[in-house]
Amino acid sequence: MAKFMDVHSGFIGVTEDQLREAHQRDLAVEPAEGVHFERAWLDPVRGKVFCRSSGPSKEAVLRPHDQAGHPAEEIYELLVEIT
């Protein structure tokens, strides 16, 4: 399964609880696309959210975000990973 990082804007002033609620909306719709949203990071000052996910394609990852009401503006496939 491919891994992805997507970027959202417009989250200025969002709290951790609000991010958690948005993430839960993604988790509720992810099974239909065969994706899994693994983790999210928030920068409330700049209004950016970064989400790491796995799934069959970029399009499959973007659709649950759209359905959950917070479309991603950018998405990157993570082709190389080191630990």
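Throughout what follows, the structure given in this document is the object of discussion.

Reading the values: the criteria
- Residues numbered from 1 in each chain as written.
- Predicted model: local features only at pLDDT ≥ 70, side-chain atom pairs only at ≥ 80, totals over all residues.
- Heavy atoms only, no water.
- Helix = DSSP H or I, 4+ residues; strand = E, 2+ residues; numbered from the N terminus.
- Buried < 20%, exposed > 50% of the residue type's maximum accessible area, 1.4 Å probe, protein only.
- Contact = heavy atoms within 4.5 Å.
- Lys, Arg positive; Asp, Glu negative; His and termini not counted.
- Charge placed at Lys NZ, Arg CZ, Asp CG, Glu CD.
- Patch = residues over 30% accessible without salt bridge, like charges linked within 9 Å, V, L, I, M, F, W, Y side chains within 5 Å.
- Areas by Shrake-Rupley, 256 points an atom, 1.4 Å probe, with all protein chains shown as cover.
- Salt bridge = Lys/Arg side-chain N within 4 Å of Asp/Glu carboxyl O.
- Pairing = 2+ DSSP bridges.
- Axes fitted to C-alpha atoms, helices over the stretch in contact; angles between N-to-C directions.
- Core = buried A, V, L, I, M, F, W, Y, C linked by side-chain atoms within 4.5 Å.

1. A few points about the overall build of the protein
Here comes step 1: Each helix and strand in the protein was counted, giving two helices and four strands.
Here comes step 2: Burial status across the protein gives 35% buried among its 83 residues.
Here comes step 3: Pairs at least 24 apart in sequence give 68% of the contacts found in the protein among residues at least 6 apart.
Here comes step 4: Averaged over its 9 positive side-chain charges, the protein has a centre that lies 3 Å from the centre of its 15 negative ones.

2. Considering a nonpolar patch on the surface
Here comes step 1: Taken together, the side chains of Leu79, Val80 and Ile82 define a hydrophobic patch exposed on the protein surface, amounting to about 420 Å² of accessible area.
Here comes step 2: Here valine 80 shows up in the segment after strand 4 (74-77).
Here comes step 3: For valine 80, a relative accessible area of 74% translates into the label exposed.

3. Here we look at the sheet that holds strand 2 (residues 36-43)
The pairing of strands in a sheet happens through backbone hydrogen bonds and is either parallel or antiparallel.
Here comes step 1: As summarised here, the arrangement of the four strands in space is 2-3-1-4, forming an open sheet in which the pairing is antiparallel. Each edge of the open sheet carries a strand with a single partner, namely strand 2 and strand 4. The average undirected angle you get between the axes of adjacent strands in this sheet is 20 degrees.
Here comes step 2: Where strand 1 (residues 2-8) lies against strand 4, four bridges are found, and the strand directions are antiparallel. By the bridge assignment for strand 4, aspartate 6 is matched with isoleucine 75.
Here comes step 3: Across the face of the sheet, helix 1 (residues 16-29) comes into contact with strand 2 and strand 3 (48-55) while running at roughly 155 degrees to strand 2.
Here comes step 4: Here helix 2 (residues 58-68) sits on the sheet in contact with strand 1, strand 2, strand 3 and strand 4, set at roughly 40 degrees to strand 1.

4. Some details on the nonpolar core
Here comes step 1: Phe4, Val35, Phe37, Ala60, Val61 and Ile75 form the largest nonpolar core, which has six residues in total.
Here comes step 2: Core analysis: the next-biggest nonpolar cluster, separate from the first, contains five residues, Val14, Leu19, Val49 and Cys51 among them.

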